[in-house]
2 protein chains.
Amino acid sequence: MSKKPLILVTNDDGIVAPGIKALIDVAKEFGEVVVVAPDSPQSGKGHAITLNQPLRMRKVEMFENVESYECDGTPADCVKLAKNVLLKNRTIDLCVSGINHGSNASINILYSGTMSAAMEASLENINSIGFSLLDFTFSADFRGAQEVARSLIGNIINHGLKGTRLLNVNIPKLPVEDIKGVKVCTQASGMWIEDFQKGEDPRGEEYYWLSGKFVVDEEHKDTDIYWLNQGYASVVPSQHDLTHHESIPGLGYLEN
Amino acid sequence: MSKKPLILVTNDDGIVAPGIKALIDVAKEFGEVVVVAPDSPQSGKGHAITLNQPLRMRKVEMFENVESYECDGTPADCVKLAKNVLLKNRTIDLCVSGINHGSNASINILYSGTMSAAMEASLENINSIGFSLLDFTFSADFRGAQEVARSLIGNIINHGLKGTRLLNVNIPKLPVEDIKGVKVCTQASGMWIEDFQKGEDPRGEEYYWLSGKFVVDEEHKDTDIYWLNQGYASVVPSQHDLTHHESIPGLGYLEN
């Protein structure tokens, strides 16, 4: 690549989350960085977009030598605005989203604002990576995740992204020297066993608050959760075709 | 099936939208219906879930002889509450979501609250169908869509759902007698060519409002959009594994 690559950075934890700063610092090593990120936390927002109200975008001075904007929309909105308004006349070489505070492995890709931003970029034909660290805390140590991001972004800037436009990357909560490497693998099967905490608000009205634990199908190896448990970062090439092709031949009876 | 099937009905346009009434009326022909639906429109909410605040659920008297609740969460939240709170000790035989006012064909499944509700039910191992009519208007004529829903729900109640747990069903905007039939097919490739309307609010602040047109890859036949254009209802068996399996062997260079 002759000119400096243009890298769009976004996230779902909001522009003030430490994870996006960690990702910007790595992205800056590889090219020109533009940030468009939500002005408030958007965890669990899935692939939400804003249709019925206007969006605001505001330039902020937050990261040294990096053009940055905060937006009152969802992560997917941020990518749409970046692609179609801010950087309309330029080519975005790579979009990176995160580093998310918390896992987006297995089916959590479906709920993830981090991954929906990356998915949105991939739908616009931009190579795109979502990064998530398996540590929910605000004070998480991102050094291991930064090492993984540095290796993957470098590889993709130099060699391109083959066969897919979207990677779901998760990084174990380990000191940088204990991360064993990177594994390209599949999305694990799993499900949330939900529990709602029932309570009463100060006005005496009943509420339900989502909680639960994630149960993974341990039968399959070579999945993101399997490799994360072994101390590796997981890389799942992902896509937007949700068709379950295998079942089409057996569903002819629905046409009657 | 010996006992009366239990059918959960939800949507994303909100409990007062005419589309959900149209679907309830059909579902009632086949079993006991319980409704849990958002108390306000949730279009474009993707697979959003509510993590950081409590949810409210309120019993409403809206549909004759149908136990109904409105909830201030997203479509996926409604399904989680139904499965894990309201109907915790019962088996839900089928979840139907919609009838959505507007298309969820092609990649619009990713943005769709209607489909995320159905997806959520499928993640809980419940057979599930999302129905969408290609007519955005509040006053849409749902009779054709009801005919399609009647045929599919009947088929699934009688024969089960083979090979998949999730169907994305779209119905063309045609008089009931002009709908040619039902086709089981794949999700079309396509993308939104976005445009943001830039404006100024009454206080002089700049805003952007999403608009755009959908461009479909016409090369492939046997897709939902192809068959909708031919006057058929489309049925896409869908799933939650977003892994792009084909590209895994070629991505070994990312592990270095």
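Scroll up a little and you will see the structure.
Figured I'd write up the structure that's included with this text. (Residues numbered from 1 in each chain as written. Chains lettered and ligands numbered in written order. Predicted model: local features only at pLDDT ≥ 70, side-chain atom pairs only at ≥ 80, totals over all residues.)

1. Some points on the overall build of chain A
Under the convention used in this document: Helical segments are the DSSP runs of H or I of at least four residues, strand segments are the runs of E of at least two, and each set is numbered from the N terminus. Each radius of gyration is computed over the set of C-alpha atoms, and the globule rule expresses the reference value as 2.2 Å times the number of residues to the power 0.38. In this scheme the burial state of a residue depends on its C-beta neighbours within 10 Å: 20 or more other such atoms mean buried, 12 or fewer mean exposed, and anything in between means partly exposed; the C-beta positions come from the backbone. Placing C-beta atoms from the backbone, we regard two residues as in contact once those atoms come within 7 Å.
Across its full length, chain A holds five helices and eleven strands. Its C-alpha atoms give chain A a radius of gyration of 19 Å, within 12% of the compact-globule value 18 Å for 256 residues. Each principal axis of the C-alpha atoms in chain A carries an extent, and together these give about 55 × 50 × 50 Å. Per-residue burial over chain A gives 53% buried out of 256 residues. When contacts within chain A are restricted to residue pairs at least 6 apart in sequence, long-range pairs at least 24 apart make up 78% of them.

2. Section: the pairing of strand S7 (residues 166–171) of chain B
Successive residues of a regular strand alternate their side chains across the two faces of the sheet. Residue and element names in this part refer to chain B. Just so we agree on the cut-off: By definition, the crossover connecting two strands over a helix is right-handed if that path, from the first strand to the second, turns clockwise as seen with the strands pointing away from the viewer. Here, strands pair whenever DSSP counts at least two bridges between them.
Burial within S7 is extensive, with six of its six residues counted as buried. Side-chain alternation along S7 places Leu-166, Asn-168 and Asn-170 on one buried face and Leu-167, Val-169 and Ile-171 on a second face that is also buried. You can see the chain leave strand S6 (residues 128–133), run along helix H4 (residues 143–159) and come back into S7, and the turn it takes is left-handed. Here S7 pairs with strand S11 (residues 232–238) via five bridges, running antiparallel. The residue of S11 that forms the bridge with Val-169 is Val-235.

3. Comments concerning unusual backbone geometry
All names here are of chain A. In this model, Gly-98 is joined to Ile-99 through a cis peptide bond whose omega is -10°. Along the chain, Ile-99 falls in strand S5 (residues 94–101). Phi is positive for Asn-125, close to 65°, though the residue is something other than glycine. With respect to the helices, strands and loops of the structure, Asn-125 is situated in the loop between helix H3 (113–123) and strand S6 (128–133).

4. Re the relation of the copies chain A and chain B
Put simply, the test is: Least squares is the method used to superpose the copies, on C-alpha atoms of residues holding a pLDDT of at least 70 in both.
Rotating chain A by 180° about the axis while translating it 0.0 Å along that axis superimposes it on chain B, leaving an RMSD of 0.0 Å. Each copy turns onto its partner about a two-fold axis. Both copies share a contact surface, since 100% of the interface residues of chain A are interface residues in chain B too.

5. Some remarks on the sheet that holds strand S3 (residues 57–60) of chain A
Residue and element names in this part refer to chain A. As a reminder, the rule being used: Helix axes use the C-alpha atoms of the stretch in contact, all axes being lines fitted to C-alpha atoms, and the angles between their N-to-C directions lie in the range 0 to 180 degrees.
Pairing is mixed in the open sheet, where nine strands are placed in the order S3-S4-S2-S1-S5-S6-S7-S11-S8. Each of the sheet's edge strands pairs with one partner strand only, and the pair in question is S3 and strand S8 (181–184). Across this sheet, the average inter-strand angle for adjacent strands is 20°, counted without regard to direction. Pairing of strand S1 (residues 6–10) with S5, which is carried by four bridges, proceeds in the parallel orientation. Counted as the bridge partner of Leu-8 is Cys-95 from S5. Each of S1, strand S2 (32–38), S3, strand S4 (67–71) and S5 touches helix H2 (residues 75–86); the most contacted strand, S2, lies at about 135° to it. Together, S1, S5, S6 and strand S7 (166–171) form the strand contacts of H3, whose direction differs from that of S6 by roughly 170°.

6. Considerations on the nonpolar core
Applicable threshold: To form a nonpolar core, buried Ala, Val, Leu, Ile, Met, Phe, Trp, Tyr and Cys residues must be joined through C-beta atoms within 7 Å.
In this structure, Leu-23 of chain A together with Leu-23 of chain B are the most contacted members of the largest nonpolar core, which totals 158 residues. Beyond its immediate chain neighbours, meaning those up to four positions away, Leu-23 of chain B contacts Val-9, Val-96, Gly-98, Ile-99, Phe-131 and Ala-149 of chain B.

7. Observations regarding the environment of Gln-42 of chain A
All names here are of chain A. With respect to the helices and strands, the residue Gln-42 is situated in the loop between S2 and S3. On the basis of neighbour counts, which here come to 26 C-beta atoms within 10 Å, the residue Gln-42 falls in the buried class. Taking the C-alpha atoms as reference points, Gln-42 and Ser-151, separated by 109 residues in sequence, lie 27 Å from one another. Residues in contact with Gln-42, not counting those within four places in the same chain, are Asp-12, Gly-14, Thr-74, Pro-75 and Gly-113.

8. Side note on helix H1 (residues 18–27) of chain B
Of all ten residues in H1 of chain B, seven are buried, a share of seventy percent or more. The secondary structure elements touched by the buried residues of H1 of chain B are strand S1 (6–10), strand S2 (32–38), strand S5 (94–101), S6 and H4 of chain B.

9. Points about the interface of chain A and chain B
To keep it simple, the criterion reads: The nonpolar class holds Ala, Val, Leu, Ile, Met, Phe, Trp, Tyr, Cys and Pro. Asp, Glu, Lys and Arg form the charged class, and all remaining residues, Gly among them, are polar.
Across the contact, 65 residues belong to chain A and 65 residues belong to chain B. Elements supplying a minimum of two residues to the side of chain A that touches chain B: H2, H3, helix H4 (143–159), S8, strand S9 (190–200), strand S10 (206–216) and strand S11 (232–238) of chain A. When residues in the side of chain A that touches chain B are grouped by element, the largest group, five residues, is from S9 of chain A. For the side of chain A that touches chain B, the per-class residue count stands at 31 nonpolar, 24 polar and ten charged.

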